[in-house]
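Residue-level structural notes
This is what each chain is made of:
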Amino acid sequence: MYSHIESEGTAITIAHFKAQNLPIVDRLLEPQTVVHFLGFALGKEPLPNGKQLDIERMSADEAPIIHQNQNFPPGSNGEPIMTSIMDRIGSIRDPGRLCKVGHNIASLKTRLWEGIIPLSDQLWQEKGLDGPEHFDFACQHLTAVIAVFQYLNEPTVRLYLRDTFNYIYDHWTALDTVLNKRREEQGKKRVSVAALWTSYMIAHFEMMTERAHRWITVHVNTLRAPLMRALLEYRRPGGEGLGGEPDAVQWKITDSLYMLTEITGHADFTIMIPMNGYKGYFADPPRTGPGALHAANLLTRSKAYHERLKVLTREALPRHAAEWRGLTPTSGQVYHATSRSQIEGQNKLRKEVRGAPLEPVPREPWIASTVSRIESGKKRGKKEKYGLAVYRLTYGQTESEWTEFVRKVEAHVSDWGKGQTGSSAIKEHLKLHWLDGKELNILEGDIDAAKQHFKTIKDGNDDWSRLQCDAFLVVDSASFASYTTNSYSPATSQLIPSEFTGFLLAIDPVFDPKEGIQRPEESPGYSGQVRILGSLVWGDLYSLQAAQTFLLEDYWPLACEHPNMVYVGPTIPLQRFIWRHHNEMRWTLLRAVIDHVKRNPEMPAMPSAQAQARAPPPTASTATPSTPSTPSSTLPAERSPLNSALRAYMLTEFQRYLRHQGQPRQAAIVDELLHLQPGEEPDGARIRQLVDAEDERQEQRRRDGLGEDEETLDEYQPECPLQ
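The written sequence of each chain sets the order in which its residues are numbered from 1. This being a predicted model, a pLDDT of at least 70 is required before a residue's local features are given, and a value of 80 or more before pairs of side-chain atoms are given or counted; all residues contribute to the totals for chains, interfaces and linings. The basis for every side-chain value is the complete set of heavy atoms in the structure, and neither hydrogens nor water enter the calculation.

Description of the nonpolar core
Side chains of nonpolar character tend, in soluble globular proteins, to be buried together. Grouped together as the largest cluster of nonpolar side chains are 140 residues, with contacts concentrated most on Phe37, Trp172, Ile216 and Trp366. Helix and strand assignments come from DSSP, with helices taken as H or I runs of at least 4 residues and strands as E runs of at least 2, each series counted from the N terminus. Tallying contributions element by element places helix α8 (residues 193-233) first for this core, with 18 residues. Note on contacts: a residue pair is in contact if any heavy atoms of the two residues lie within 4.5 Å. Those residues in contact with Phe37 that sit more than four places away from it in its chain are Trp172, Val193, Leu196, Trp197 and Tyr200. With 16 residues, the next largest nonpolar core counts Tyr395, Ile442, Ala450 and Trp464 among its residues. Nonpolar core, defined: a set of buried Ala, Val, Leu, Ile, Met, Phe, Trp, Tyr and Cys residues in which side-chain atoms within 4.5 Å join the residues together. Think of it in three bands: residues with accessible area under 20% of the maximum for their type are buried, residues over 50% are exposed, and the middle band is partly exposed, with areas taken using a 1.4 Å probe on protein chains only.

Considerations on helix α4 (residues 103-113)
The buried fraction of α4 is high, at 11 of 11 residues. For α4, the complete set of buried residues consists of His103, Asn104, Ile105, Ala106, Ser107, Leu108, Lys109, Thr110, Arg111, Leu112 and Trp113. Phi turns positive, to about 75°, at Gly115, one or two residues after α4.

Topic: the packing of helix α6 (residues 135-152) against α8
For every element, the axis is a line fit to its C-alpha atoms; helices are fit only across the contacting stretch, and the angle between N-to-C directions ranges from 0 to 180 degrees. Here α6 crosses α8 at 155°, and the two axes come no closer than 11 Å. Classed by the angle they form, the pair α6 and α8 counts as roughly antiparallel. You can see that α6 and α8 cross each other, and the crossing is left-handed. Side by side, α6 and α8 meet where Phe135, Ala138, His141, Leu142, Val145, Ile146, Phe149 and Leu152 of the first sit next to Met208, Thr209, Ala212, Trp215, Ile216, His219, Val220, Leu223 and Leu227 of the second. For classification, angles of less than 35 degrees are called roughly parallel, those exceeding 145 degrees roughly antiparallel, those between 65 and 115 degrees roughly perpendicular, and all remaining angles oblique. Crossing handedness: left-handed means the near helix sits turned counterclockwise from the far one by under a right angle, and right-handed means the same turn made clockwise.

So, the side chain of Ser84
Among the structural elements, Ser84 can be located in helix α3 (residues 81-89). The exposure class of Ser84 is buried, given its relative accessible area of 13%. Dropping the residues within four chain positions of it, Ser84 is found in contact with Glu79 and His171.

Regarding empty space enclosed by the protein
A water-sized probe rolled over the atoms picks out the places where empty space is left. Cavity: a set of points on a 1 Å grid over the protein atoms alone where a 1.4 Å probe fits but cannot get out. Pocket: an open set with protein on both sides within 12 Å along at least five of seven lines, its lining residues, like those of a cavity, having an atom within 4 Å of a point. Grid points are joined across faces, edges and corners, and a volume is the space filled by probe spheres set on the points. Evaluated as defined, the whole model comprises seven cavities of 30 Å³ or more. The computed volume of the largest cavity comes to approximately 130 Å³. Those elements that provide at least two residues to the lining of the largest cavity are α4, α6 and α19 (573-599). Gly is put with the polar residues, along with every residue not named as nonpolar or charged; the nonpolar set is Ala, Val, Leu, Ile, Met, Phe, Trp, Tyr, Cys and Pro, and the charged set is Asp, Glu, Lys and Arg. Grouping the constituent residues of the lining of the largest cavity by class yields 10 nonpolar, five polar and one charged. Here the lining of the largest cavity spans two domains, since at least three of its residues come from each of domain 1 (3-354) and domain 3 (572-600 + 642-711). In this structure, the second largest cavity spans a volume of roughly 60 Å³. Ser120, Gln122, Leu123, Glu126, Asp415, Trp416, Gly417, Gln420, Ser535, Leu536, Gly539 and Asp540 are the residues that line the second largest cavity. Residue ranges assigned to each domain were obtained from an automatic or database domain assignment.

Re the side chain of Ser59
Along the chain, Ser59 falls in the loop between α2 (32-41) and α3. Separated by 2.4 Å, the side chains of Ser59 and Asp61 make a polar contact. Here Ser59 is in contact with Leu42, Arg183 and Lys188, once residues within four sequence places are set aside. Throughout this description, a polar contact denotes any pair of N or O atoms lying within 3.5 Å of each other; where both atoms belong to protein, one of them has to be capable of donating a hydrogen while the other can accept it, and for residues adjacent in sequence the pair is counted only when both atoms sit in side chains.

Comments concerning the packing of aromatic side chains
Aromatic pairs are defined between Phe, Tyr and Trp rings, using the six-membered ring for Trp, whenever the two ring centres lie within 6.5 Å; interplanar angles under 30 degrees are classed as stacked, those over 60 as edge-to-face, and all others as tilted. Inspection of the entire model under this criterion finds 26 aromatic pairs. Arranged with centres 5.2 Å apart and planes meeting at 75°, the rings of Phe511 and Tyr526 form a pair that is edge-to-face. With Phe511 in the loop between β7 (503-507) and β8 (529-533) and Tyr526 in the loop between β7 and β8, the pair connects residues that are 15 residues apart, well separated along the chain. Just as Phe511 is buried, Tyr526 falls in that class too. The rings of Phe37, Phe40, Trp113, Phe165, Tyr169, Trp172, Trp197, Tyr200, Phe205 and Tyr278 are connected pair by pair, giving a single aromatic cluster. We call a charge positioned above a ring when the Lys NZ or Arg CZ atom is no farther than 6 Å from the ring centre and deviates by at most 35 degrees from the ring normal. Here the guanidinium or amino end of Arg88 rests over the ring plane of Tyr167, the centre of that ring lying 4.2 Å away.

Here's the deal with the pairing of β8
In terms of burial, β8 is a largely internal element, four of the five residues being buried. Bridging between β7 and β8 involves five bridges; their strand directions are antiparallel. Following the sheet pairing, Ile507 is matched in β8 by Gln529. Pairs of strands are assigned from DSSP output, requiring at least two bridges between the strands. Pairing between β8 and strand β9 (residues 566-567): two bridges, direction parallel. The residue bridging Arg531 from the neighbouring strand is Val566, located in β9.

Points about the sheet that holds β7
With mixed pairing, six strands are arranged side by side in an open sheet as β5-β4-β6-β7-β8-β9. Looking at strand neighbours, the two that pair on one side only are β5 (430-436) and β9, the edges of this open sheet. Contacts between helix α17 (residues 537-546) and the sheet are confined to β4 (386-392), β5, β6 (472-475), β7, β8 and β9, with β4 contributing the most and set at about 105° to the helix.

Topic: the pairing of β6
Burial of the side chains of β6 extends over both faces: Phe472 and Val474 are buried on one face and Leu473 and Val475 on the other. Bridging between β4 and β6 involves three bridges; their strand directions are parallel. Paired with Arg392 across the strands is Val475, a residue of β6. Two strands pair when backbone bridges link them, and β6 and β7 are joined in this way by three bridges, in the antiparallel orientation. Bridging from a neighbouring strand, Leu473 pairs with Ala506 of β7.

Structure below.
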């Protein structure tokens, strides 16, 4: 039914194509594009690149015609034109141009389509991606963008996208016939919605490619600068005259520079969407460089680019000859001069391939749209609330503890926007609107009650109507602990610390567990909620939903492999590889404990004072602890059976992991282990009681006709394979 795009990528993107986890159906022309286009066609919004067109547009009274049952074209079934257009984008009725691609590529493509950069400057710096220890991480984030445009430039994908555009163009042409007949009767100017569609998509592709290309170029330049300095300043031990080959340090530096050169080159000739064959589009002939540099076919452009780069690099070499004349071939100055020649060649070639950069850099369209809504509200004199609702659903803290927590959250959430052009215009308006669940008579941890309350304020209060309606936030005991303890901190040095900072719980207000989502295979295990880093609330959660491009279920596949199941932004193969092996390590440790208990079923409980005083373990419906868990740094050094500070962290997260994967019996066993005191051994009798109770619950579900809510008891295999 769908075209599965097979591509091995290139040397710098092969990892992304091999790691196409969780294939999903991709509608190449994003559905929200039509909605945004209509905002432009009705004169409500500028072009996506920020420019204004002096051209006749539709009037507000003509908009309803798009949704009326008109005969478009004559002899058709009389469906509204909007229905026909949305079917063309991708539906069961017209599935021929839908493609299957990995979620890692499709999710980033959806983001880039709306001009939203992959990582803000704050997030890039928090992850330490400018540091040499994370160079490989940085390069994979950059090449992920290139992989998206390689996918869009695959011949099949490129033609499918073009054909979808052209079908929609034909529908707008049919609409023009009706509109202009009506306008002629009213004595108005003619309008061409089809021509507006072409102009809009030209501007959209320009904005989309310019923002993505600029993001890569800026970060490549930042990564390259210290490498160039190190190459020039490095002195080989024993002097420059030894040997005719670079030493290990020089190899490492030049290899890194070569990688950045490859990334820059692929970005220059790949991050574009040729519009050859798009109806209404007439391209100016290329002004500079060989014509093949502007070919629609990516392989043709690639070959022409590399041939032209060799020429321009050779031309630049004599200009730097004075820097290395008389030096040994392995001198740092020689390598530095060679690198500079290649950089100059690339800079010149970039202008031939891409022309002058777009200035000023266009805002991310969701920001421009938000600014427009805010200004419209001001004109109406209404004090509307923009941003997100956040419910407090954990009540055991003192007033001072809660006040300090809110201060930390507000500081974390408000640090966003660098690199997201125009964000300063809306930062003061986007706010967290705090709601105390206790004051609203919502039981601690009762998310369903919070959903009902959220629906009430959204539907019944105009002041709240501008809040983001596709998600709201919750502070539960876990999110409180993430800001006030180190319970959710990274367990090993392989994990990036900034990916283990404070998080909040995002809730899907309309998710019904009985109905699930439309395509459960594209977001397996999604339960209507996702943890998200506080620093990503505006730049990722709010922005993607404001752009109408992401639902909350789309974040889950990017969070499910994180050790704490937290959304930390777009993911890369190396990052997921480390997460996967970290999770496997935790599972191995836990499995060893479970196997030990199975081999010793008569193992008694230790009659210790701690065991006698221990509180009973909470059930699934019991409220979470009223005080934050003790930081691991204050725990006793000896804890059996897992004597490390990771114990509580590992077991808590594995319990969540098992429940998410439908394995309640194992989760019940973890519950026993989780509440052991220092020096106390697991009690086989209690474990059997917990498992028996779980079996009884499952049997009751079967008697009630609900079926089992568990999977096999075999060892867990990850739902989201890596590579």
